[in-house]
Amino acid sequence: MRRGWAITLVESDAIGSIGVGEATIPQIRLFNAALGIDEAEMLRACQGSFKLGIAFEGWRAPDHRYMHGFGGVGRDLGLLPFYHYWVRASTGEDSRAGLPVGKAREDSLDAYSVAAQAAYAGRFAPPDPARPAPAGGHNYAYHFDATLYAAFLRARAEAGGVTRVEGRITHVERDGVSGDILALVLEDGTRVGGDLFIDCSGMAGLLIERECNAGFEDWGQWLPCDTALAVPSRAGLPAGKAGEEGRAGGPILPYTRSIARAAGWQWQIPLQHRIGNGHVYSSRHMSDDEAAAILLANLPGEALAEPRLIRFAAGRRRKIWSHNVIAIGLSSGFLEPLESTSIHLIQTGIERLLQRLPNTHPGEAERAAYNDDARAEMERIRDFIILHYFANGRDEPFWQERRETPIPDSLAERIALFRACGRIDRHGNELFTGLAWQQVLIGQGVVPQGAHPLTEQISAGDLSGFIETTRRVVSHSAAAMPIHADYIAQHCAAGVPS
């Protein structure tokens, strides 16, 4: 490796992975580009499809749907984002002038999001860099088989000089003075020494917790779901036949579905060869048998396996860097996949490591700064996920409890500010943008008490024209895209899996 760096991966094929992180967010495209990964090659290898957002179904009310779409929402005007004008048109004195009132999409921001409208229509095309983005434009991420993606990256890493050692770790050698890890010892007696150890052992936290006693901060009081059942089902329609009816699974949708259930939620993630499904729930409110019955009764196609049970606890390690061990991935903590952040947190962990790669033995100040950045990142994502649960409109005991449970002060302050004046203050380099916050806040029914005063600079008639023109532009842009399955067939179709 360059400048003397050598990387050794210790891995055992006998130890399985969770492998359900099949939905991603747009930042993965930056990570892949930094590694020189060709998008079409990766999607073919991983049976991937495209993702324009996440549809939240039944969270605000049983018959309500909204989307956290990737990209812009409407057109900003002057100093204000579009949603301020939407607030005036939908809740102000001249509401009849601009926005039709009704259930589902018509009373949400979805009608002004190119990503949302294309997703609902089953259409996809990447943004055209040669043309100006209409009405804020759109962005995208991927759905893929996480196990295949891991294998794809492993092959690239080994080709780039990473040494892989197969085997289970039986014990660890540590320095008697500093407590640093000196080497890992495997079942067959192989000794793997090193200066810096990256713990990617998942929730077990083999090095960061069992050896370094980093501690765990439990977030179960805010995120009580502690169990998931995962099962694949038959895929949708073949490319070129996305409009046909009658085949189980339907078309390959370019978005993730998150469907609220009595004590949690269900995901549906469409890939080329199958649909990934899961049911995340609170075992305190629902038995495993009940959860499995709900999942299997609501599959979009025939189940291809028995549901796999996964237990977890929401929270984070109190120290993500302890001694000479840095935890990345599930070993650093867990947040349920409601906003598809699991793979992203792995990638930001890698980025943070590279930015702070020590050239001498790191001191406590270095580790403390690293841990503070990692803590802040996870806490802000945690708050965003809690928002979905807190601002719900369902009647079941689980959901009533979510509304009544006090939320972190950091989230309470955000909600109060948005209700009061429609402002969204972001902190540092937090993941979710103001666009993401506004879509989820409004989608969950948290709406500012009144319109921003600067929206009064245009007349009711001009406001009506602005709103309606934006809607037409968005609709036209989405309708011009090809069917998602046809785009896959033309650009990145995978072979039939064996």
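This section reports on the structure supplied with the text. These numbers come from a predicted model, not from an experiment.

Attention now goes to unusual backbone geometry. Phi is positive for Asn213, which is not a glycine, with a value near 50°. Mapped onto the elements, Asn213 comes out in the loop between β10 (197–199) and β11 (216–218). The class of Asn213 is exposed, set by a relative accessible area of 60%.

Turning our attention to the sheet that holds strand β18 (residues 321–322). Taken together, 3 strands build an open sheet; the order of strands is β10-β19-β18 and the sheet is mixed. Each end of this open sheet is capped by a strand with a single partner; those strands are β10 and β18. Here 3 bridges tie β10 to strand β19 (residues 325–327), and the two strands are oriented parallel to one another. Pairing of Ile198 across the sheet is with Ile326, part of β19.

On to helix α11 (residues 434–443). In an α-helix, one turn spans 3.6 residues; hence positions three or four apart end up facing the same way. Counting buried positions along α11 gives 9 out of 10 residues, so the element sits mostly inside the fold. Of the positions making up α11, those classed as buried are Gly434, Ala436, Trp437, Gln438, Gln439, Val440, Leu441, Ile442 and Gly443. Structurally, α11 contributes buried residues whose contacts are with β4 (65–69), α3 (82–91), α8 (364–390) and α10 (409–421). Looking one or two residues past α11, Gly445 carries a phi angle of roughly 95°, positive in sign.

Moving on, we come to the packing of α10 against α11. Contact geometry for α10 and α11: axes closest at 12 Å, N-to-C directions at 80°. Comparing the axis directions of α10 and α11 gives the class roughly perpendicular. Here Leu411, Arg414, Ile415 and Phe418 of α10 come into contact with α11, specifically with Trp437, Leu441 and Ile442. Class assignment of the residues belonging to the contact of α10 with α11 gives a composition of 6 nonpolar, no polar and 1 charged.

Each value, and the rule that gives it
Residues numbered from 1 in each chain as written. Predicted model: local features only at pLDDT ≥ 70, side-chain atom pairs only at ≥ 80, totals over all residues. Heavy atoms only, no water. Helix = DSSP H or I, 4+ residues; strand = E, 2+ residues; numbered from the N terminus. Buried < 20%, exposed > 50% of the residue type's maximum accessible area, 1.4 Å probe, protein only. Pairing = 2+ DSSP bridges. Contact = heavy atoms within 4.5 Å. Axes fitted to C-alpha atoms, helices over the stretch in contact; angles between N-to-C directions. Parallel < 35°, antiparallel > 145°, perpendicular 65-115°, else oblique. Nonpolar A, V, L, I, M, F, W, Y, C, P; charged D, E, K, R; others polar.

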